Each structure stands twice: as structure tokens, then as C-alpha cells.
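So you can see what is in the structure, the chains are spelled out below.
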Amino acid sequence: MKKMMVRTALTGALAAMLLSGCSGSESTAPTRQAAPTGERLRLVATTTTEWKDVGATITSTDMAEARARIPGILQTLSVREGDLVSRGQVIGRVVDTRLGYESAAYGAQAAAAQAQSVQAEADLARIRYLYDNGVYARAKLDQAQAAATAARAGVAAARAQQSAVGAVAGQGAILAPSSGRVLTAAVPAGSAVAPGMSIATITSGAMVLRLDLPESLAGQVRVGTPVIATGLYPADPANAPRSTVSRVYPSVTAGQLMADVAIAGIANDMVGRRVTARVAIGERRAIIVPRRYITTRYGIDYATLMASGNSVSTIPVQIAPADAADSVEILSGAVAGDTLIAPR
């Protein structure tokens, strides 16, 4: 009787084990996964322009200096920083009080010479009359004529000296050498100035973007190299102005090479402003994809990658801006030959 009970218990346990095994095999059976749908893109490496970010300065092609031409006191200065001036405009005046005294002295000399000339002309007329009547010899007449000629020359010399002093005084006017905007006007009225002293600095020529390049790029940047002024309008970086290098300076200063980029529409009210720019330095191979294949969540960029079979996986990728506004460059996370699926 006891053996029958043990056998029945073993049979029940074995049946329970078989039932449990059948139930587990049904739960782990593979299921068919639907094929992913969406626009697909197979990654390939293409040739793209390699850009380098550099610093740049908004400036004009030249800087004109309005300088004092005579020594004296800066009596007036009618401009200040930011004012617009035209070429030849009088922006200040230097006065030298000595010129007034010199002009008066030469004026007195001219008056004395004029009186002597009048006297010599009268003597000449009298001697000529007496010579015609046989009273004086020819030598006396020649002497009177020479004296009259010398008197006239003395008058002309005194007047020329007086005119020269007036011309020098007229050079006290400080003229704008070119049309542009006043950048500096740091000499206050009433200051003593010397000839050649700069009174004001004025922009001259067209406005340009002056690049500060490392000297290692001397062989890669030349006239015609593409440039993107990314920092010129920071509020709209997608529409940054594009242009080309118009001038490369032939000298290197402190390890820096300078180049000018002509960009239309640069205002001359921010001369000296520092901005960033991107200059093309060559070509390289890169993976460029449309921006719609990349999703961003919590500051991390992801791409949907087609794996073997019908499986897909979402992987983080590192991207960088591409030349086209609607494209990006994949730096890491996916390689050439992978297939991306655009998210719905």
C-alpha cells in the first residue's frame, strides 16, 4: 500500500514537470518582427570643404590721418568720434600768433618799398626830362632807370613775402583727407600742436573684413578662397554672408597673416569690432546627411540605424554643421555603409 502511494506521487510530480516544460517552450517561441518603414539612406563618404574658424576685424581698406600742417594752437575742432565727413571738409583750425606779426612786418616793408618806388619813378621822370634837354649825360639816365627798377622789385618782394605769410596762415585749416567716419579725435581744442601731428583718424576706402590667420595657412589661403562671415550677424547664423578673399598681405607679423574679404553691406559704424569667420583651407572626406535623419533628445543627438535582418537600433551620434543649412556631418557613431532610417 505504501509503495502504491509513493508511485502515484512520483507520477503526479513527473506530469507536473512535463506540463510546466510545455508551458515555458510556448512563452519563449520567436515572433516575427515587422520590417521598419520610413525613408532610408545609405551612408557614403563624400568630398567636402574643410573650414577653419578664425578671428576677423571690421575695418576699412585704409585709415586716413588729418594732420596739422603748421605749429601753433588748435583753436577749434568741429568733429568728434562717429561723425561723417567729406573729403576736403574743414574740421579744425590751428592758429600761430607769430604769423600775424610777420605779416604786419612784411606789410610795413611793402609800404616802405612802395614809397621808395614812387620816389625813384619821380627821379627818373625828372632826369629823363633834363637828359632830353642836354643837361645830364646818358649815364645819369641809366642810373635813374636802374634805381626805379630796383624799387619796383623791392615792392614786389615785400608783397610776395606778405602773401607767403598769409598762405602759411591759411595752412592752419585742418582738412579731411577722405570721405568717411571719424574714428578718433582725441586732441582737445586749445592744445599746442606740431607739424605732422595727427588730429583725427578717418576711415578711407571700402569696408572689409580683415582676417587674422596663423602663418601655417600661408600656402592655403589666397585670393579667391571662400569665406563665411559667421559672426557678422550672430542672430541669423544660417544666412551668414559668403564671399572670397580679395587681398592677402605679403607680410607676417607676430605669427599672424592678414587677408581682406570684401563683403557688401558692412556698416562703417562698428570699425574695430571683432567677429568670427570660417575660411576654406582645403578638402576632405566626410559623411553628410540631411538634418531630418537626426533627432535630438535632452541635448543628445540620435540616429536610427538599420541593423542585420529587420532589426533597428537608435544610437547616439556626434554631428557638426555642414555647408548646407539643412545638412549635418556625422563625426562619430555611424560609418560609411550603414543605413539610416528617417524618423516619422
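Conventions and cut-offs
- Residues numbered from 1 in each chain as written.
- Predicted model: local features only at pLDDT ≥ 70, side-chain atom pairs only at ≥ 80, totals over all residues.
- Heavy atoms only, no water.
- Helix = DSSP H or I, 4+ residues; strand = E, 2+ residues; numbered from the N terminus.
- Buried < 20%, exposed > 50% of the residue type's maximum accessible area, 1.4 Å probe, protein only.
- Contact = heavy atoms within 4.5 Å.
- Expected span 1.5 Å × (residues − 1).
- pLDDT = per-residue confidence, 0-100.
- Axes fitted to C-alpha atoms, helices over the stretch in contact; angles between N-to-C directions.
- Parallel < 35°, antiparallel > 145°, perpendicular 65-115°, else oblique.
- Left-handed = near helix turned anticlockwise from the far one by under 90°.
- Core = buried A, V, L, I, M, F, W, Y, C linked by side-chain atoms within 4.5 Å.
- 1 Å grid on protein atoms, 1.4 Å probe; cavity = no way out; pocket = protein on both sides within 12 Å on 5 of 7 lines; lining within 4 Å.
- Points joined across faces, edges and corners; volume = space filled by probe spheres on them.
- Nonpolar A, V, L, I, M, F, W, Y, C, P; charged D, E, K, R; others polar.
- Salt bridge = Lys/Arg side-chain N within 4 Å of Asp/Glu carboxyl O.

### Quick look at the overall build of the protein
For step 1, the next point in the chain: Looking only at helices and strands, one finds three helices and 19 strands in the protein.
For step 2, the next point in the chain: The buried share among the 344 residues of the protein stands at 31%.
For step 3, the next point in the chain: For the protein, contacts bridging at least 24 residues in sequence account for 73% of all contacts bridging at least 6.

### Examining helix α2 (residues 97-132)
For step 1, the next point in the chain: Here α2 contains 36 residues, and its C-alpha end-to-end distance of 53 Å stays within 8% of the 52 Å for a straight helix at 1.5 Å per residue.
For step 2, the next point in the chain: On the buried face of α2, the contacting elements are α3 (138-170).
For step 3, the next point in the chain: Just past α2, the residue G134 takes up positive phi, approximately 80 degrees.

### Details of the confidence of the model for the protein
It should be kept in mind that the predicted coordinates are not to be read in detail where pLDDT is low.
For step 1, the next point in the chain: With 89% of its residues at a pLDDT of at least 70, the protein reaches an overall mean of 83.
For step 2, the next point in the chain: A low-confidence stretch, residues 1-34 (pLDDT under 50), is modelled with three contacts involving residues beyond four sequence positions or located in other chains.

### A closer look at the packing of α2 against α3
For step 1, the next point in the chain: At a minimum axis separation of 8 Å, α2 and α3 run at an interaxial angle of 160 degrees. One finds that α2 runs roughly antiparallel with respect to α3. As α2 runs across α3, the sense of the crossing is left-handed.

### Some points on the nonpolar core
Nonpolar side chains tend toward joint burial in soluble globular proteins.
For step 1, the next point in the chain: Of all hydrophobic cores here, the largest spans 22 residues; its most connected members are L209, L211 and L213.
For step 2, the next point in the chain: Contributing elements (two or more residues each) for this core: β2 (45-67), β9 (198-214), β12 (256-262) and β13 (274-290).
For step 3, the next point in the chain: Aside from chain neighbours lying at most four places away, what touches L213 is V54, V221, G255, Q256, L257, A259 and V279.
For step 4, the next point in the chain: Core analysis: the next-biggest nonpolar cluster, separate from the first, contains 19 residues, V165, A176, A200 and I202 among them.

### Notes on the layout of surface pockets
For step 1, the next point in the chain: As a volume, the largest pocket reaches approximately 320 Å³.
For step 2, the next point in the chain: Lining the largest pocket are 16 residues, with P237, A238, R278, A322 and D323 positioned closest to its centre.
For step 3, the next point in the chain: A breakdown of the residues in the lining of the largest pocket according to their chemical character gives 10 nonpolar, three polar and three charged.

### Some points on α3
For an α-helix, 3.6 residues make a turn, and residues three or four places apart therefore share a direction.
For step 1, the next point in the chain: Over its 33 residues, α3 extends 48 Å from the first C-alpha to the last, a length consistent with the 48 Å expected when each residue adds 1.5 Å.
For step 2, the next point in the chain: Buried within α3 are the following residues: L141, A144, A148, A151, V155, A158 and V165.
For step 3, the next point in the chain: The inward-facing, buried residues of α3 abut α2.

### Thoughts on the pattern of salt bridges
For step 1, the next point in the chain: Following the criterion strictly, the structure yields nine salt bridges and no others.
For step 2, the next point in the chain: As a salt-bridge pair, D123 and R126 come within 2.6 Å of each other at their nearest N and O atoms. Within this pair, D123 and its partner R126 are both found in helix α2, separated by three residues, close to a single helical turn.
For step 3, the next point in the chain: Accessibility expressed as a relative area gives 23% for D123, which makes it partly exposed.

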